[in-house]
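Topology and contacts: notes
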Amino acid sequence: GIQVEQSPPDLILQEGANSTLRCNFSDSVNNLQWFHQNPWGQLINLFYIPSGTKQNGRLSATTVATERYSLLYISSSQTTDSGVYFCAVGAGGKLIFGQGTELSVKP
Amino acid sequence: DAGVIQSPRHEVTEMGQEVTLRCKPISGHNSLFWYRQTMMRGLELLIYFNNNVPIDDSGMPEDRFSAKMPNASFSTLKIQPSEPRDSAVYFCASSPRRGGYTFGSGTRLTVV
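Let me begin by describing the structure that accompanies this report. (Residues numbered from 1 in each chain as written. Chains lettered and ligands numbered in written order. Predicted model: local features only at pLDDT ≥ 70, side-chain atom pairs only at ≥ 80, totals over all residues. Heavy atoms only, no water.)

**Examining the overall build of chain B**
When helices and strands are counted, chain B shows 0 helices and 11 strands. Taken over the C-alpha trace, chain B has a radius of gyration of 13 Å; the compact-globule value for 112 residues is 13 Å, and the two agree within 12%. When its C-alpha atoms are laid out on the principal axes, chain B stretches across 40 × 25 × 25 Å. Split into buried and exposed, the 112 residues of chain B put 49% on the buried side. Taking the contacts inside chain B whose residues are at least 6 apart along the sequence as the reference set, 52% of them involve residues at least 24 apart. For chain B, the accessible surface area stands at approximately 5,700 Å², while carbon and sulfur atoms represent 49% of it. (Helix = DSSP H or I, 4+ residues; strand = E, 2+ residues; numbered from the N terminus. Rg over C-alpha atoms; globule rule 2.2 N^0.38 Å. Buried < 20%, exposed > 50% of the residue type's maximum accessible area, 1.4 Å probe, protein only. Contact = heavy atoms within 4.5 Å. Areas by Shrake-Rupley, 256 points an atom, 1.4 Å probe, with all protein chains shown as cover.)

Below, the structure written as structure tokens:
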């Protein structure tokens, strides 16, 4: 099956800093999403981005499907950005999750 | 749009008891998914339905687990009998034909 690798596994930032999270996947996909799991456990959909670039406020994402990777950019980080960021990829209907990047933003 | 609705939010039960988790997907979404999240194994897909039909249940851990989707607006995940190792957060998600998944808030199950 499809393998999903996220890096780094952990990241500590000072408030206001920028960061880039990476997701590599092993096969062609027709679905790629980035999720944020907040400290209360909720999984929030950030981007549906099987290819191309999207931006939403301080967050943006780029997927290069031909090279099998996606990047999530967080600019001017805030303490509320803390939590786990998951990349999930899919082909043929089901979504496979990576192990996540745990982000901690310090005030 | 109320999103994907799961109930209960928390469930504590004794080993051997039957547990039923419920999910109402977003209206108009044609696919529904059940995931389990644990520290050890992360987020695992248990089963998914397309147009109310189970498509892939290869992630269901064993015969104690069963899932049904009697209509487009309701699904259940049942564990009978429950065991302590079933303790986890169970998420339901739905998606349209084209587009991303939306997750419910999850059910935190504790089996003692």
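Picking up after the structure, the text goes on.
**Focus on the overall build of chain A**
The number of helices and strands found in chain A is 0 helices and 11 strands. The helix and strand sequence of chain A, counted from the amino end, reads β-β-β-β-β-β-β-β-β-β-β. Over its C-alpha trace chain A gives a radius of gyration of 13 Å, about what one expects of a compact globule, namely 13 Å for 107 residues. Overall, the C-alpha framework of chain A stretches about 40 × 25 × 20 Å when taken along its three principal axes. Among the 107 residues that make up chain A, the fraction classed as buried is 47%. Considering only residue pairs separated by 6 or more positions, chain A has 55% of its internal contacts joining residues 24 or more positions apart. Entry remark: accessible area of chain A is about 5,200 Å², with carbon and sulfur atoms responsible for 48%.

**Considering the state of the cysteines**
One pass over the full model with this rule turns up 2 disulfides over all chains. One disulfide bridge connects cysteine 23 of chain A with cysteine 87 of chain A, the sulfur atoms lying 2.0 Å from each other. With the S-S bond torsion at -60°, the cross-link from cysteine 23 of chain A to cysteine 87 of chain A turns out left-handed. With cysteine 23 of chain A in strand 3 (residues 19–25) and cysteine 87 of chain A in strand 9 (residues 83–91), the pair connects residues that are 64 residues apart, well separated along the chain. Each sulfur of the disulfide joining cysteine 23 of chain B and cysteine 92 of chain B lies 1.9 Å from the other. In this structure, the disulfide formed by cysteine 23 of chain B and cysteine 92 of chain B twists by about -70° around the S-S bond and is classed as left-handed. Of this pair, cysteine 23 of chain B sits in strand 3 (residues 19–24) while cysteine 92 of chain B sits in strand 9 (residues 88–95), and the two are 69 residues apart along the sequence. Just as cysteine 23 of chain B is buried, cysteine 92 of chain B falls in that class too. (Disulfide = S-S within 2.5 Å.)

**Quick notes on the pattern of salt bridges**
Residues and elements named next belong to chain B. Under the counting rule described, the total for this entry stands at 10 salt bridges over all chains. One salt bridge in this structure joins glutamate 44 and arginine 41, with 2.7 Å as the shortest N-O distance. You can call glutamate 44 buried: its relative accessible area is 17%. Glutamate 83 is the partner of arginine 85 in a salt bridge, and the nearest nitrogen-oxygen pair spans 2.6 Å. (Salt bridge = Lys/Arg side-chain N within 4 Å of Asp/Glu carboxyl O.)

**Points about the packing of aromatic side chains**
Under the definition given, this model contains 10 aromatic pairs over all chains. On the basis of an interplanar angle of 50° and a centroid distance of 5.5 Å, the ring pair of tyrosine 35 of chain B and phenylalanine 103 of chain B is categorised as tilted. With tyrosine 35 of chain B in strand 4 (residues 31–38) and phenylalanine 103 of chain B in strand 10 (residues 102–103), this pair connects stretches of sequence that are 68 residues apart. Exposure remark for tyrosine 35 of chain B: the relative accessible area of 0% places this residue in the buried category. A cation sits over an aromatic face here: arginine 22 of chain A above tyrosine 69 of chain A, 4.3 Å from the ring centre. (Phe/Tyr/Trp six-rings, centres within 6.5 Å; stacked < 30°, edge-to-face > 60°. Lys NZ or Arg CZ within 6 Å of the ring centre and 35° of its normal.)

**Some thoughts on the interface of chain B and chain A**
Counting from both sides, the interface comprises 16 residues of chain B and, opposite them, 16 residues of chain A. Across the chain B to chain A interface the summed buried area is about 1,300 Å²; carbon plus sulfur atoms make up 53%. If you sort the residues of chain B by the area they bury against chain A, Leu43, Tyr101 and Phe103 of chain B come out on top, with a joint share of 39%. At the boundary of chain B and chain A, one finds 1 salt bridge. (Buried area = accessible area lost by both parts, 1.4 Å probe.)

**Looking at the side chain of arginine 64 of chain B**
Residue and element names in this part refer to chain B. Structurally, arginine 64 is set in the loop between strand 6 (53–56) and strand 7 (65–71). A polar atom in the side chain of arginine 64 sits 2.9 Å from the side chain of glutamate 62. Here aspartate 86 takes part through its side chain, which lies 2.7 Å from a polar atom of the side chain of arginine 64. Not counting residues up to four positions away in its chain, the partners in contact with arginine 64 are Lys78, Ile79, Gln80, Pro81, Ser82, Glu83, Arg85 and Asp86. (Polar contact = N/O pair within 3.5 Å; in protein donor to acceptor, adjacent residues only side chain to side chain.)

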